[in-house]
Amino acid sequence: MPDAVKKLHIKTYGCQMNVYDSERMAEAMGAQGYVLTDDPAQADMVLLNTCHIREKAAEKVYSDLGRLRPFKEAKPDLRIGVAGCVAQAEGAEIMRRMPLVDLVVGSQNYHRLPDMVAAVARGERPVDTEFPIEDKFDKLPERPATGRPTAFLTVQEGCDKFCAFCVVPYTRGAEVSRPVERILTEARKLVDRGVSEITLLGQNVNGYHGAGADGTWGLGRLVRALAAIEGLERIRYTTSHPNDMSDELIEAHAEEPKLMPYLHLPVQSGSDRILKLMNRHHTAEHYLRLIERIRAARPDMMLSSDFIVGFPGETDQDHRDTLALIEAVGYGSAFSFKYSPRPGTPAAERAGVDSDVADARLQELQALITRQQRAAQEAMVGREVGVLFEKAGRMPGQWVGKSDYLHSVFVSADEPMQGRIARVRITASAPNSLAGELIR
Ligand code: SAH
Ligand code: SF4
Ligand code: F3S
């Protein structure tokens, strides 16, 4: 008996926007009878949803495609598609280098995936990376229930900031905010399907400026409208730019308890000279003052950031300025990357820092961040926090969830906790998680 159900394997690289897009691609193909599989060997179609942000990420796509070759040889009608930011940046190049690829679809076009798969069946090799006039979100099928209590919701896409190192303005295009009513409708539907925490997504999510019935809304106002939805208990947003942190949004942190006290606010460097070369349009001082205002509004705010080390022209003094900024802020967590020159970006024209020097700086910075992260976790011991439980742990009776501050928290409970929010007293801190007891 032939298998009537078709199986789709999606591999997702890069940021949460890609995670969200992968879910929506799975839904679009789900409407065509495809179900997801974790195993590429079982799949009738494999989609790589790719990231172009650093050279390693982009090159990985080609090696992963190479690894799919035996599957394609064993099953010639296996469909292989490349989506996401590498697709957007190098669509034609992928088709030329990788004959096994059947289709290339950009980040704004994946609502057309079913049509493209049909074109492949007719013997074509479609590439669709033009920015379309229509809004893909209007064309995608309704979102089904997933059983998970958390969901992403893209509210803003693209970027107009043009940081000198970054490909996103080229791969994702100009900043576009979705209209208020569409977002509220999608959020209400997610809540009806059992979601109690929504993370609003955008490359510059705090630059959100969507059309509302009475003019343009900023993110602060959108958050307040979302908070009025009954059954939606937690709101988060990522990623933010320091220059778009409006008073309205900071006030929302002070006044709206559903807005969680965790903020990812990338600064990239603590050196004004490097920030200028990076085209960031803010100084270290501006960032530190901003953090003060945010903490005045929400004293328990947990902060995180991204850092790039080894940006062209970075001296030891610049690096020490970055370490000093990290000391001054005190982060709950942070991501740090060695600078990677990207084609088409202004910084790629400049001579880079010696690779070994950059490696040493990265290690030093990461050691500092790790110390701060541990300290922030240790400081949770003895405190009471809200936890949204997401799944059962490995031990019998164990449940795992995320605290208000996004720490993983383990508890024991004799009743099912999945999807529930409970108060927990933290009793112990491990390297990457916390343990606690339910407060009755
Ligand atoms: N829109 C977000 C993040 C975009 S990419 C923002 O503005 O913060 C995520 C992170 O990747 C960036 O914050 C930056 O730290 C890192 N990154 C971007 N381009 C890079 C490059 N060329 N080399 C190394 N890291 C890079
Ligand atoms: Fe890239 Fe800068 Fe835009 Fe962030 S703000 S996506 S780092 S160009
Ligand atoms: Fe990567 Fe594209 Fe996200 S380049 S970080 S997947 S926007």
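What you see is a predicted model; the values in this text were computed from it and never measured. (Residues numbered from 1 in each chain as written. Chains lettered and ligands numbered in written order. Predicted model: local features only at pLDDT ≥ 70, side-chain atom pairs only at ≥ 80, totals over all residues. Heavy atoms only, no water.)

1. So, the environment of arginine 236
Working step 1: For arginine 236, the location among the structural elements is in strand β13 (residues 234–238).
Working step 2: In this structure, the C-alpha to C-alpha distance between arginine 236 and tyrosine 262, residues 26 residues apart in sequence, is 7.7 Å.
Working step 3: A polar contact is formed between the side chain of arginine 236 and the side chain of glutamate 197, at a distance of 3.1 Å. (Helix = DSSP H or I, 4+ residues; strand = E, 2+ residues; numbered from the N terminus. Polar contact = N/O pair within 3.5 Å; in protein donor to acceptor, adjacent residues only side chain to side chain.)

2. Points about the site of ligand 2
Working step 1: Contacts to ligand 2 come from Cys159, Lys161, Phe162, Cys163, Phe165, Cys166, Val168, Pro169, Asn204, His241 and Arg280.
Working step 2: Here the residues of the shell around ligand 2 sort into 7 nonpolar, 2 polar and 2 charged. (Near = heavy atom within 4 Å. Nonpolar A, V, L, I, M, F, W, Y, C, P; charged D, E, K, R; others polar.)

3. Describing the UniProt feature "domain: MTTase N-terminal" (unreviewed entry) in the chain
Working step 1: In the numbering adopted here, UniProt assigns the feature "domain: MTTase N-terminal" (unreviewed entry) to residues 6–122.
Working step 2: When the span residues 6–122 is considered, its composition is 49% helix and 21% strand, and the gap between its end C-alpha atoms is 18 Å. (UniProt positions renumbered as here; feature names shortened; annotations may be inferred.)

4. As for helix α14 (residues 355–378)
Working step 1: Taking 1.5 Å as the rise per residue, α14 with 24 residues should run 34 Å; its terminal C-alpha atoms sit 34 Å apart, in good agreement.
Working step 2: Within α14, burial applies to Ala358, Arg361, Leu362, Leu365, Leu368, Ile369, Gln372, Ala376 and Gln377.
Working step 3: Where α14 is buried, its residues touch β15 (302–309), α13 (316–329), β16 (333–338), β20 (421–430) and β21 (433–438).
Working step 4: In this structure aspartate 354 caps α14, since a side-chain oxygen of it lies 3.1 Å from the backbone nitrogen of aspartate 356. (Expected span 1.5 Å × (residues − 1). Buried < 20%, exposed > 50% of the residue type's maximum accessible area, 1.4 Å probe, protein only. Contact = heavy atoms within 4.5 Å.)

5. Thoughts on the site of ligand 3
Working step 1: Near ligand 3 you find Cys15, Asn18, Thr50, Cys51, His52, Ile53, Cys85, Arg172 and Gln203, and these make up its full shell.
Working step 2: Residue composition of the shell around ligand 3, grouped by class: 4 nonpolar, 4 polar and 1 charged.

6. Things to note about empty space enclosed by the protein
Working step 1: Overall, the coordinates contain 1 cavity of 30 Å³ or more when judged by the stated rule.
Working step 2: What the largest cavity holds in volume is close to 100 Å³.
Working step 3: Lining the largest cavity we find Glu23, Glu27, Arg143, Pro144, Ala145, Thr146, Arg148, Thr150, Ala151, Leu190, Arg193 and Val195.
Working step 4: Where the lining of the largest cavity is concerned, the elements lending two or more residues are α1 (16–30) and β7 (150–154).
Working step 5: Classifying every residue of the lining of the largest cavity gives 5 nonpolar, 2 polar and 5 charged. (1 Å grid on protein atoms, 1.4 Å probe; cavity = no way out; pocket = protein on both sides within 12 Å on 5 of 7 lines; lining within 4 Å. Points joined across faces, edges and corners; volume = space filled by probe spheres on them.)

7. Considerations on the packing of α13 against α14
Working step 1: It is the contact of α13 with α14, at a shortest axis distance of 11 Å, that shows an interaxial angle of 10°. Judged by the inter-axis angle, α13 sits roughly parallel to α14. Two secondary-structure elements touch here, α13 through Asp316, His319, Thr322, Leu323, Ile326 and Glu327 and α14 through Arg361, Glu364, Leu365, Leu368, Ile369 and Gln372.
Working step 2: The class makeup of the residues in the contact of α13 with α14 is 5 nonpolar, 3 polar and 4 charged. (Axes fitted to C-alpha atoms, helices over the stretch in contact; angles between N-to-C directions. Parallel < 35°, antiparallel > 145°, perpendicular 65-115°, else oblique.)

8. Examining the pattern of salt bridges
Working step 1: Per the stated rule, a full pass over the model turns up 42 salt bridges.
Working step 2: Between aspartate 64 and lysine 60 there is a salt bridge whose closest N-O contact spans 3.3 Å. Of the two residues, aspartate 64 and lysine 60 are both situated in helix α2 (residues 55–67); the distance of 4 residues between them amounts to about one turn of the helix.
Working step 3: By relative accessible area, which is 6% here, aspartate 64 ends up buried. (Salt bridge = Lys/Arg side-chain N within 4 Å of Asp/Glu carboxyl O.)

9. Looking at the packing of helix α8 (residues 180–192) against helix α9 (residues 219–227)
Working step 1: Running from N to C, α8 and α9 point in directions that differ by 35°, and their axes come no closer than 10 Å. For α8 against α9, the interelement crossing comes out right-handed. Residue-level contacts link Val180, Ile183, Leu184 and Ala187 of α8 to Leu222, Ala225 and Leu226 of α9.
Working step 2: Taken together, the residues of the contact of α8 with α9 break down into 7 nonpolar, no polar and no charged. (Left-handed = near helix turned anticlockwise from the far one by under 90°.)

10. As for the pairing of strand β4 (residues 79–83)
Working step 1: Of all 5 residues making up β4, 4 are buried, and the element is well covered by its neighbours.
Working step 2: Pairing analysis gives 5 bridges linking strand β3 (residues 45–50) to β4, with the strands arranged parallel. Counterpart to leucine 48 in the pairing with β4 is valine 82.
Working step 3: Where β4 and strand β5 (residues 103–105) come together, 3 bridges link them in parallel fashion. Looking at β5, one finds that valine 82 is bridged to valine 104. (Pairing = 2+ DSSP bridges.)

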